[in-house]
Every structure is written in C-alpha cells, then in structure tokens.
Amino acid sequence: MNGITKLQPGEQVDQYLLIKEAKKGVTTVGKPFMSLILQDRSGDIEAKLWDTNEEHENLYRAQVIVKVGGEIHDYRGKNQLRVKQIRPAREEEGVQISDLLPTSAVPKEQLFEELTQYFFQIQNPNISRITRNLTKKYQDQILIYPAATKNHHDYASGLLDHVVSMLKLSEAICDLYPTLNRDLLYAGVILHDIGKVIELSGPVGTMYTVEGNLLGHISIMVNEIGQAANELKIEGEEVMLLKHLVLSHHGKEEWGSPKKPMIQEAEILHYIDNIDAKMNMLTRALDKTKPGEFTERLFPLDNRSFYKPTI
C-alpha cells in the first residue's frame, strides 16, 4: 500500500489513517463542515467532511484511527483527499497508532548516540555541564518529540533528527571558519529547541500546550538554562551567552526572536537552523514528486512550487 503522500491526483484511497488534527468550520452558506489532517507513516494530507453534525465531531477527533475510502485531488496546487467513505477503525482490525506515525528515517537510539559524541568536543566545563544537564533531564522526550506541529521535522523523533543534522552542519562550518567557538555553537544547537518538549504535547496528535501558547519554547528554554546554572552553581559569561543563543535563534523579532543575533555563533546558529528546516521541507516535498514535475506549493517557502529535474 502506497503512503498517502505518495499518491497522485486521481488515485484511489482505501486505507487506515490517523486523525492528526480535526477542526470544525462553517461554509459561506452556513453549513457545518470539518477539516481533518490525516496521516500515515509517509506524512499527512488534508480532507474535508461536509454537512457534519455533533455526532461526527465526537467520532472524528484527533488521535482516532479511521478507515477511509476516497480519491486524491488537486486543490489549488496541493493534494487533498476527497472522502467518499469514512468510519472509525475497529479494535479487532488490529491497527495501532504507532503503525501510522511518521518517524525519523534513522532510529532514535542511533541519532542520540550521534548527538552525545559532540559532548566530547565541548571543552568549556561550564558550557558542557549545563548542556549535559539539560539533555539528560529531558532525554526521554528528546528521543521521541517532533520539532514542530507542521512544516519541518513534524514527526516522531523529528527534534532529535533536526539537532543531529544541525550538529553535522556546525562541524563543517567550524572547520571552514575557525574563528567560531565550537563549544558555544554546538551547545546552542543542542539547547535551542529543547523547550519544544514543554511547548508541544508529544509525537501523537501534536498540539501546543498551555505553556507553549503562553510562553513559547524560547522563553521556556532561557528559564531552563538559568535554573540549570543555579543548580550547578555556575556563574559567568557562559550562562548569558547560552541564553542569548536561544533568544536569538529565530533571527528577527518578527520571526519570534526576542533578540537579534549579536555574537557570530548566534548568527550562524540562525542560518543553520533555517537551512536544516528548509531542506527537510524540500526533501520531503521532492520525495513525493515525479522528475519533470513541480512540488505542491510550500507555504513556509513563500508559497513556491519547486521543480524536480529529470537529470
């Protein structure tokens, strides 16, 4: 069975899918409908249920497995699933949520082993102790959490996948530009998104938590760095610099950073974060596109479609 994101417009669907997100709405003529985001291991797709009522809203909630019949169609340059039949999966059918969760291509244990190798390259004891402390504190969540609810690394272990890719990029960039402080950059990469394990609800039906909505992962992590430094009785410039790396990694105030980067490692951290997020989106979009055709429109990339060359 082809993954839902690998199917082309006109192809038929008859498979189990997990409801990742369910929202109700009203049409321009006042009729209720539901927007569903459905997923399997290949990724997710949007579907609409028309003329819905309260019973549908109770049946089709996030984290419910459904058996869906229908076909793929193109809606404004993006694939959608036109639903013809839908019902909740039955227990005796034996389908598990874990069967339908997208996950990192590399096993999480291997990714975590790769991450821990970078600790040995961090020479500064204060930076090393704070980074190790927070990684150990949230290790269980780091192993399984996504990096986002949508767009980039939005799958189980996506956060870890993102961090390990960024560490590899950092290593290559530090080799090229030796004025960069490896300790700061590696620690910034490892710590910059750990706040997402508090900001997000987890790998299944990922949503923002109350803390996520009210505080956001950047503020959460700045507090965590301060707490870790206090517990470890660490003072000094390192604590301030680690906080600055987290505070500025989105690059600009309008992109959610309380501060713009003001040390070179923070500037590079922002670029590396952006490169890895964009490449993850492009790789996944091109993976489901035939050579000689264009990807669907990618909203975070200025709503552009990208061509997949035949060469």
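Sequence order sets the numbering: in each chain, residues are counted from 1 along the sequence as written. Residues qualify for local features only when their pLDDT is at least 70, as the model is predicted, and side-chain atom pairs are given and counted only at 80 or more; totals for whole chains, interfaces and linings, by contrast, use all residues. Side-chain calculation: all heavy atoms of the structure are included, whereas hydrogens and water are not.

- Identification of the chain as 3'-5' exoribonuclease yhaM from Solibacillus isronensis B3W22 is taken from an unreviewed UniProt entry.

Looking at the domain arrangement of the chain
So, step 1. As assigned here, the chain comprises domain 1 (4–99) and domain 2 (108–284).
So, step 2. When each unit is reduced to the centre of its C-alpha atoms, the spacing between domain 1 and domain 2 is 34 Å.
So, step 3. If you look at the interface, domain 1 gives 4 residues, while domain 2 gives 4 residues.
So, step 4. Accessible surface is computed with a 1.4 Å probe, and the buried area is the amount of it that two parts give up when combined, taken over both parts together. Carbon and sulfur atoms supply 50% of the area buried between domain 1 and domain 2, which totals about 460 Å² over both sides. Segment limits for the domains were obtained from an automatic or database-derived domain assignment. A contact between two residues is defined here by any heavy atoms of the two lying within 4.5 Å.

Digging into the sheet that holds strand S3 (residues 43–50)
So, step 1. Strand order in the closed barrel formed by 5 strands is S1-S2-S3-S5-S4, and the pairing between neighbours is mixed. Strand after strand, the sheet turns through a mean of 50 degrees between neighbouring axes, direction not considered.
So, step 2. Strand pairing is assigned whenever DSSP detects at least two bridges linking the two strands. Secondary structure elements are taken from DSSP: a helix is a run of H or I of four residues or more, a strand is a run of E of two residues or more, and numbering for both begins at the N terminus. Judged from the 10 bridges that link them, strand S4 (residues 65–75) and strand S5 (residues 78–88) form a sheet pairing that is antiparallel. By the bridge assignment for S5, His73 is matched with Gln80. Axis definition: a line fitted to C-alpha atoms, limited for helices to the stretch in contact. Angles are taken between N-to-C directions and run from 0 to 180 degrees.

Structural notes on the pattern of salt bridges
So, step 1. In what follows, salt bridge is the name for a side-chain nitrogen of Lys or Arg lying within 4 Å of a carboxyl oxygen of Asp or Glu. In the structure shown here, the tally under the stated rule is 20 salt bridges.
So, step 2. Here Lys78 ties to Glu296 by a salt bridge, and the two come within 3.9 Å at their closest N and O atoms. With a gap of 218 residues between them, Lys78 in strand S5 and Glu296 in the segment after helix H11 (264–287) connect regions that are remote in the sequence.
So, step 3. Between Glu93 and Arg90 there is a salt bridge, and its shortest N-O distance comes to 3.9 Å.
So, step 4. What makes Glu93 partly exposed here is its relative accessible area of 25%.
So, step 5. Three exposure classes are used, based on accessible area relative to the maximum for each residue type with a 1.4 Å probe and protein chains only: buried under 20%, partly exposed in between, and exposed over 50%. Under the relative-accessibility criterion, Arg90 is labelled partly exposed at 42%.

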